Each structure stands twice: as structure tokens, then as C-alpha cells.
Amino acid sequence: MPANPIDILILGTGPAGITAALYGQRMGLQAVVLGDMPGGSVYMIETLSNFPGFLHGISGTEFGVAAFQQAREEGAHFPMARLERLNCAAGVFSGIDTNGQEHVAPSAIVATGRVPRRLAVSNAKAQGIHFCSVCDGPLFRGRNAVLAVVGSDNAAGQHALTLSRIAQKVWLVCRSRTLKMDAAHAKLIRARQNIELLLNTAVTGYKGREVIEGIIVLTEEKVEKELAVDGVFLAIGWQPNTQMLNFEVAMTAEGYLRTDTRLMTSVPGLFAAGDVRDTDLRQVLTACADGARAAQYAAEFLAKTTPR
Ligand SMILES: Cc1cc2nc3c(=O)[nH]c(=O)nc-3n(C[C@H](O)[C@H](O)[C@H](O)COP(=O)(O)OP(=O)(O)OC[C@H]3O[C@@H](n4cnc5c(N)ncnc54)[C@H](O)[C@@H]3O)c2cc1C
């Protein structure tokens, strides 16, 4: 059954999608927001401590639910369903959500975030596995912690450097024979006393059933070793959630959506916001900022292309 006419179809109920809905509604546009998790990835944040305005931080879940309610009170419609496929034909975006409801709109904002890649080993979801050193590194402050970073690119290097200022020791475990980060990062890593580099070494397992107590590695010499660690930070890549786009749109080699300075993708009327976008900082604050800007630019696009 086709839905009532709407102005913007927003994919994703994380900070980017919710903020886009809030701003869109306040600009007089009707938004439908698809996604099944109010707040998106923020539910994974125990305490959101780097969003200005919350002196002692706020739980990610509390933040997400409050933002969701705020957008709903402005009139945004949240069917609490996902969209498995977004189509685009003759400048119109459409799709059927997982409740069987059809949505059609002249503009769309993709704010579907990304998911971290995990190691294919047992206990892959045990407590103590992290993906963001800026976010979770401070949990280890003052604990004389020993941490492991897995990966060898710039992101892994950045995590190792950030954590080396917090932890007693950081193992940087790289499957490759060489560091795949830029020379500046590599130089800093090699100079940092408390970072120990393990090249050509694979993590083959975790120790600890519910909480990580260590990692099992297969070293360059093909010897299996156990390293006791208090936490593991994975930097083995992310998967942007763009599989639902059923048409061609420009992306980076990793699958992030390319946008112009007005957050429009290569498809007119299709905007991207937050972690799914090709951007250089992926945080709650930047996702919210993207959401606000995408709504603003979508409104300007609609004013030009579909004047009321
Ligand atoms: C463990 C962890 C800790 C973090 N800690 C912090 C922190 O302390 N501070 C900070 O600022 N940032 C932190 N971040 C980063 C922050 O959570 C993200 O940058 C932010 O949530 C991105 O918002 P987003 O709206 O772009 O995407 P998300 O929050 O990821 O939301 C995207 C939503 O879209 C949904 N979706 C996907 N596909 C579809 C589809 N087909 N249809 C509909 N919906 C779909 C997803 O399920 C998800 O709910 C952390 C991230 C992680 C993983």
C-alpha cells in the first residue's frame, strides 16, 4: 500500500538520521525515518562523554532515546522497520519496508552507518573488544592496562598511539609483514617506548569466556603464544551499510558514499550523512552535524526541483 506523500525518506535511526528528521520537520518537510534501533550505534556507547553540553556524560541509550523522541514530537514518522532495497527512477526514491509498507519521496538521505569487521575466531563477541580508541580508551585510564590493537593501517596506528598515552603497554599486532600506515605514523609508532610491534602475526583466538583476558597469536616464527591483555581494539576495517542501494552511486573503494560539499551523492536528490559518508571523523557530534546539513540541503534541493 503506498504511503502518504512525503518529502524526505531517511534511512537510519542513528544520530545522523534522527537529526536530519528533526531539522527537516522544523523546516516544514515531512520525513519518514526507516530503521529499527532508535539511536543507532549510540546504544553501544556506555557513557557519551565527548558530546558538549553533558558535563558528566550521558548514557548512549539515554541520548539516543531522547533524540528519537524529540524528532518524533516534531512530527517525523518512524515506522520502526528497515528498508532492504531503495530504488531510484526518474528522480523518485521508493522502497518497501520490512512491515510491507511502500514509501515514495522526491529526496532521500542515507544515514545507515557502518559495522565493524570482527575477527573470525571463537568468542568474537566477548566483552572487552573495542573499535574506537577515542571513545573507549578512557575506560582504561589509571588501570596500568595492557591492551592489544589489531591492524596495520593508519587507523590501527592512530589507535595504538592514542592508547599508548593511557595504557602501560600496547601490543600492535599486524598480520602483514610491514606496517601499512603512512611514514609519519610508522615513525611515531616505532619511537613510542610502550608500543610493541608484532609483524607477520595473526590473532587466532581470544582467551576468556565472557570477558577478554588475552589473545592467542601465531607469530612470525609460526609459534603460538598467549598474550595477557585487558582489552582488544580491532582496526581491521568497517563495512559501510550501503547494500540496500539498488542503483549506481559513487562510492570509495571501501564502500563509503562520496558526497559534494552540500552532502549530495552522485545521484541528484540523494544525500548522505554520518558514518556511511566518505568523511574524516566519525563521531556522534559529526553525525548530528551531517544530519542537520543534509536536511538543509535536501530542503533547498526540493525548493528548486519540486516547488509547492
Ligand atoms: C563501540 C562504539 C563506541 C563509540 N563511542 C563513541 C563515543 O564515545 N563518542 C562518539 O562521539 N562516538 C562514538 N562512537 C561512534 C558513533 O557511535 C557513531 O559515529 C555514530 O553513531 C554514527 O551515527 P550514524 O547515524 O551515522 O550511524 P549509526 O549510529 O550507526 O546509525 C545507523 C543506523 O542505520 C541503521 N540501518 C542500517 N541499514 C539500514 C537499512 N537498510 N534500513 C534502515 N536502517 C538501516 C543501522 O541499523 C543503524 O541503527 C562509537 C562507536 C562504537 C561502535
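Residues numbered from 1 in each chain as written. Predicted model: local features only at pLDDT ≥ 70, side-chain atom pairs only at ≥ 80, totals over all residues.

### Section: the overall build of the protein
This is how the line gets drawn: Comment: elements are numbered from the N terminus, with helices defined as DSSP H or I runs of at least four residues and strands as E runs of at least two. Computation of the radius of gyration draws on C-alpha atoms alone. For the globule rule, the value is 2.2 Å times the number of residues to the power 0.38. Three exposure classes are used, based on other C-beta atoms lying within 10 Å of a residue's own C-beta, which is placed from the backbone: buried for 20 or more, exposed for 12 or fewer, and partly exposed in between.
In terms of helices and strands, the protein carries six helices and 17 strands. For the protein, whose C-alpha radius of gyration is 21 Å, the value lies close to the compact-globule estimate of 19 Å for 308 residues. A principal-axis box enclosing the C-alpha atoms of the protein has dimensions of 70 × 40 × 35 Å. With 308 residues in all, the protein has 40% of them scored as buried.

### Concerning the nonpolar core
Rules: A set of buried residues drawn from Ala, Val, Leu, Ile, Met, Phe, Trp, Tyr and Cys, joined through C-beta atoms within 7 Å, is what defines a nonpolar core.
I10, A20, A108, I109 and A273 are the most contacted members of the largest nonpolar core, which totals 48 residues. Listed by contribution, the elements that provide at least two residues to this core are β1 (8-11), α1 (15-26), β2 (31-34), α2 (60-73), β6 (107-110), β17 (270-272) and α6 (284-305). Counting residues in hydrophobic clusters, the runner-up holds 31 residues, among them L172, M181, I215 and F233.

### Considering helix α4 (residues 154-164)
Put simply, the rule reads: We call two residues in contact when their backbone-placed C-beta atoms lie within 7 Å.
When we look at burial in α4, the residues that qualify are A155, A156, G157, H159, A160, L163 and S164. Residues of α4 that are buried in the fold lie against α3 (133-136), β9 (146-150), β10 (169-173), α5 (183-191), β11 (195-198) and β15 (231-234).

### Here we look at the environment of G14
Along the chain, the position of G14 falls in the loop between β1 and α1. A tally of 29 C-beta atoms within 10 Å means that G14 is categorised as buried. The spacing of G14 and V284 is 270 residues in sequence and 8.7 Å in space, taken between C-alpha atoms. Excluding anything up to four places from it in sequence, G14 contacts G39, G40, S41, V42, A111, G113, G274 and A287.

### Section: the sheet that holds β15
This is how it is decided: Strands are labelled as partners when DSSP assigns at least two bridges between them.
Taken together, five strands build an open sheet; the order of strands is β8-β15-β9-β10-β11 and the sheet is parallel. Of all strands in the sheet, those with a lone pairing partner are β8 (129-130) and β11, marking the two edges. In the sheet, β9 pairs with β10 via five bridges, with the strands oriented parallel. Its bridge partner being in β10, V149 is matched across the sheet by L172.

### Quick look at the pairing of strand β12 (residues 202-207)
Looking at chain direction, β12 and strand β13 (residues 214-218) are connected through five bridges and run antiparallel. Of the residues in β13, the one forming a bridge with K207 is G214. The antiparallel pairing of β12 with β13 creates a hairpin that spans six residues between the two strands, and G208 there sits at a positive phi of about 105°.

### Thoughts on the domain arrangement of the protein
As a reminder of what qualifies: An automatic or database domain assignment supplies the start and end points of every domain.
If you check the domain split of the protein, you get domain 1 (8-115 + 238-305) and domain 2 (129-234). Here the C-alpha centre of domain 2 lies 33 Å away from the C-alpha centre of domain 1.

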